[in-house]
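A closer look at the structure
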Amino acid sequence: MDRKKAQEENKDSDDIDNDVPIEPAPTHHEALQAVLLLRRYVRDIDDPFTHKLEMMLGSFGQRTRAAGMKNLKDGKFTSYFTRT
């Protein structure tokens with residue numbers, strides 16, 4: 001969000017290097033894969049910081065899945081079956 005806001009505010013400015021490609025944001029699936037990888041890494045580390053990190057990663061995963069579900073479209077139950 002901050003990147004988009006900064007781009008909009010500075011779109012008329014000449015000090016922006018337009019030759020640098022802007023990397024697209026990761027998808028929610030990629031973010032969840034990263035969360036799973038980090039959770040596996042910190043699983044066996046017994047440290048208060050890693051326990052907090054595990055909780056934060058769990059919360060981030062839940063919020064990311066919820067955000068991904070908002071993008072789903074409703075479908076009809078009958079659209080999954082064909083008539084014969």
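Scroll up for the structure.
As a starting point, this report considers the structure included with it. Note that the structure is predicted; figures quoted are calculated from it, not measured. (Residues numbered from 1 in each chain as written. Predicted model: local features only at pLDDT ≥ 70, side-chain atom pairs only at ≥ 80, totals over all residues. Heavy atoms only, no water.)

When you go through the protein chain residue by residue, the secondary structure sums to three helices and zero strands. Put simply, the protein chain has 84 residues, and 12% of those count as buried. (Helix = DSSP H or I, 4+ residues; strand = E, 2+ residues; numbered from the N terminus. Buried < 20%, exposed > 50% of the residue type's maximum accessible area, 1.4 Å probe, protein only.)

Our next topic: the environment of Leu36. In this fold, Leu36 is placed in helix H2 (residues 28–42). In the structure, Leu36 is positioned 22 residues away from Gly58 in sequence and 9.1 Å away in space, judged by C-alpha atoms.

Below, the discussion takes up a positive patch on the surface. Positive charge collects at one region of the surface, where Arg39, Arg40, Arg43 and Arg65 lie side by side. With respect to the secondary-structure elements, Arg65 resides in helix H3 (residues 48–70). (Patch = residues over 30% accessible without salt bridge, like charges linked within 9 Å, V, L, I, M, F, W, Y side chains within 5 Å. Areas by Shrake-Rupley, 256 points an atom, 1.4 Å probe, with all protein chains shown as cover. Salt bridge = Lys/Arg side-chain N within 4 Å of Asp/Glu carboxyl O. Lys, Arg positive; Asp, Glu negative; His and termini not counted. Charge placed at Lys NZ, Arg CZ, Asp CG, Glu CD.)

The next point concerns a nonpolar patch on the surface. Residues Phe77, Tyr80 and Phe81 make up a contiguous nonpolar surface patch of about 460 Å² in total accessible area. Take Phe77: it is sitting in the segment after H3. Take Phe77: its relative accessible area is 64%, and that puts it in the exposed class.

This next bit is on the packing of H2 against H3. Across the interface, H2 lies against H3 with an axial gap of 10 Å and an inter-helix angle of 160°. Of the possible angle classes, the one that applies to H2 and H3 is roughly antiparallel. Crossing hand, H2 versus H3: left-handed. Between H2 and H3, the residues in contact are His28, Ala31, Leu32, Val35, Leu38, Arg39 and Val42 and Thr50, Leu53, Glu54, Leu57, Gly58, Phe60, Gly61, Thr64, Arg65 and Gly68, respectively. For the contact of H2 with H3, the residue count by class is eight nonpolar, six polar and three charged. (Axes fitted to C-alpha atoms, helices over the stretch in contact; angles between N-to-C directions. Parallel < 35°, antiparallel > 145°, perpendicular 65-115°, else oblique. Left-handed = near helix turned anticlockwise from the far one by under 90°. Contact = heavy atoms within 4.5 Å. Nonpolar A, V, L, I, M, F, W, Y, C, P; charged D, E, K, R; others polar.)

The subject of this paragraph is the side chain of Thr50. The topology assignment puts Thr50 in helix H3. A residue is classified by how much of its surface remains accessible, and Thr50, at 6% relative accessible area, is buried. With residues up to four places along the chain from it excluded, the contact list for Thr50 reads Val42 and Ile45.

All quantities given are derived from atomic positions and should not be read as evidence of function.
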